[in-house]
Amino acid sequence: MASSTEIPLVTLLPRAWIGFSRGPWRCVGLAALVLISASGPAVIGHDLRLAESPWLNRLGDLSVLSSLVLPLLPLLALLRLTDGLLPDRHEDRPQQSWRQLMRQGFTLMLLELLLVLGGVGLIQSLSWMLGRWSTALAGLSVLLGVLVLLSWLFSQTLALPLLVHERCRALQAMDQSRQLVHRNGLKVLALLGMLLGINLLGLIGATLGLLLSLPFSALALMACCRPQTPLISDSRRNMFPT
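Caption draft 1: Region of the structure containing a nonpolar patch on the surface. Together, Leu 56, Leu 59, Leu 62, Leu 65, Leu 68, Val 69, Leu 73 and Phe 106 make up a nonpolar patch on the protein surface, roughly 730 Å² of accessible area in all. Among the elements that line the nonpolar patch, the one with the most residues is helix α3 (residues 54-69), at 6 residues. Within the secondary structure, Leu 73 is located in helix α4 (residues 72-85). Since its relative accessible area comes to 34%, Leu 73 is described here as partly exposed.

Next up, the structure:
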């Protein structure tokens, strides 16, 4: 990604359609695994937490927490699959085993979570200290802190797709995502709006539409990992169905 700086937003949906047409049932199957691994333990945990036994309540809490971790495995598999289905894949990247991918994926999620929790704790501590002198300063510190935290989270939008595509380490994926989003802020914002709209449509029909919207979202995110140098159209070839 040394000289590639521009995300070709116009070609994302055609790329996604081509990739989906190459392996529709595999995409749908992995999307179903993502949904089952996220909703299944959460529903079971909710039922266990309604029981009168404290042991069952603790087991329900663990089940709910597992619903936040288990979807990462099929999600990584879905991203890896869609990365190979896109028409402009490159074979000059380093090899990465499943064990390495899972380890780096869990490391990335852990780092993101720790940084978010640390940022929230820092905002609370700073607002508490400033609140001893002025409530206005405390409120201003909370507002600025939330804006900085949201800006950082926005810069990490492409961290997980870049981790899968570039086959790099977690810290490298975070840094590459920050650079790419910084250069294409408006395009990434438009991408998030588009993906939000697609997945909201996917909720229609007892959420069965998510079986299609999730693979399309994964394909669009992986296509963003193939930016191009401005004024060069080589990466646009073979993007549209013929």
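Caption draft 2: Spatial organisation of the nonpolar core. With 41 residues, the main nonpolar core has Leu 108, Leu 158, Leu 160 and Leu 191 as its most contacted residues. Residue assignment for this core shows that the elements contributing at least two residues are α1 (12-22), α2 (24-49), α4, α5 (98-131), α7 (159-166), α8 (170-183), α9 (185-202) and α10 (210-224). Counting residues per element, this core draws most heavily on α10, at 8 residues. Contacts of Leu 108, omitting those with residues within four sequence positions, involve Ala 159, Leu 160, Leu 163, Ala 170 and Met 174.

Caption draft 3: Region of the structure containing the confidence of the model for the chain. In the predicted model, the chain carries a mean pLDDT of 83, and 88% of its residues have values of at least 70. Confidence drops under a pLDDT of 50 for residues 231-242, and excluding neighbours within four residues, the segment shows 20 contacts in the predicted structure.

Caption draft 4: Representation of α5 in the model. With 34 residues, α5 ought to run about 50 Å at 1.5 Å a step, and its terminal C-alpha atoms sit 49 Å apart, in line with that. Looking only at α5, the buried set comprises Leu 101, Gln 104, Gly 105, Leu 108, Glu 112, Gly 119, Ile 123 and Ser 127. For α5, the elements touching its buried residues are α4, α6 (135-155), α7 and α8.

Caption draft 5: Looking closely at α10. The end-to-end C-alpha separation of α10 is 21 Å, in line with the 21 Å expected for 15 residues at 1.5 Å each. In terms of residue burial, α10 counts as a mostly covered element, since 12 of its 15 residues are buried. Considered for burial, the residues of α10 that qualify are Leu 210, Ser 213, Pro 215, Phe 216, Ser 217, Ala 218, Leu 219, Ala 220, Leu 221, Met 222, Ala 223 and Cys 224. Contacts from the buried residues of α10 go to α1, α2, α4, α7, α8 and α9.

Caption draft 6: Summary view of the packing of aromatic side chains. This structure, assessed with the given rule, holds 2 aromatic pairs. Ring geometry for Trp 17 and Phe 216: centres 6.5 Å apart, planes at 20°, overall stacked. Within this pair, whereas Trp 17 is found in helix α1, its partner Phe 216 is found in helix α10, the two being separated by 199 residues in sequence. An aromatic cluster is built from Trp 17, Phe 20 and Phe 216, whose rings are joined through pairwise contacts. Positioned above the aromatic ring of Trp 55 is the side chain of Arg 58, whose terminal nitrogen or guanidinium carbon lies 5.2 Å from the ring centre.

Caption draft 7: Just the packing of α5 against α6, in detail. Relative orientation of the contacting elements α5 and α6 amounts to 165°, with a least axis distance of 8 Å. On the basis of the axis angle, α5 is roughly antiparallel to α6. When the axes of α5 and α6 are compared, the crossing they make is right-handed. Residues Glu 112, Leu 115, Val 116, Val 120, Ile 123, Leu 126, Ser 127, Leu 130 and Gly 131 of α5 lie in contact with α6, whose contacting residues are Leu 137, Ala 138, Ser 141, Val 142, Gly 145, Val 146, Leu 149, Trp 152 and Leu 153.

So, how was this worked out
- Residues numbered from 1 in each chain as written.
- Predicted model: local features only at pLDDT ≥ 70, side-chain atom pairs only at ≥ 80, totals over all residues.
- Heavy atoms only, no water.
- Patch = residues over 30% accessible without salt bridge, like charges linked within 9 Å, V, L, I, M, F, W, Y side chains within 5 Å.
- Areas by Shrake-Rupley, 256 points an atom, 1.4 Å probe, with all protein chains shown as cover.
- Salt bridge = Lys/Arg side-chain N within 4 Å of Asp/Glu carboxyl O.
- Helix = DSSP H or I, 4+ residues; strand = E, 2+ residues; numbered from the N terminus.
- Buried < 20%, exposed > 50% of the residue type's maximum accessible area, 1.4 Å probe, protein only.
- Core = buried A, V, L, I, M, F, W, Y, C linked by side-chain atoms within 4.5 Å.
- Contact = heavy atoms within 4.5 Å.
- pLDDT = per-residue confidence, 0-100.
- Expected span 1.5 Å × (residues − 1).
- Phe/Tyr/Trp six-rings, centres within 6.5 Å; stacked < 30°, edge-to-face > 60°.
- Lys NZ or Arg CZ within 6 Å of the ring centre and 35° of its normal.
- Axes fitted to C-alpha atoms, helices over the stretch in contact; angles between N-to-C directions.
- Parallel < 35°, antiparallel > 145°, perpendicular 65-115°, else oblique.
- Left-handed = near helix turned anticlockwise from the far one by under 90°.

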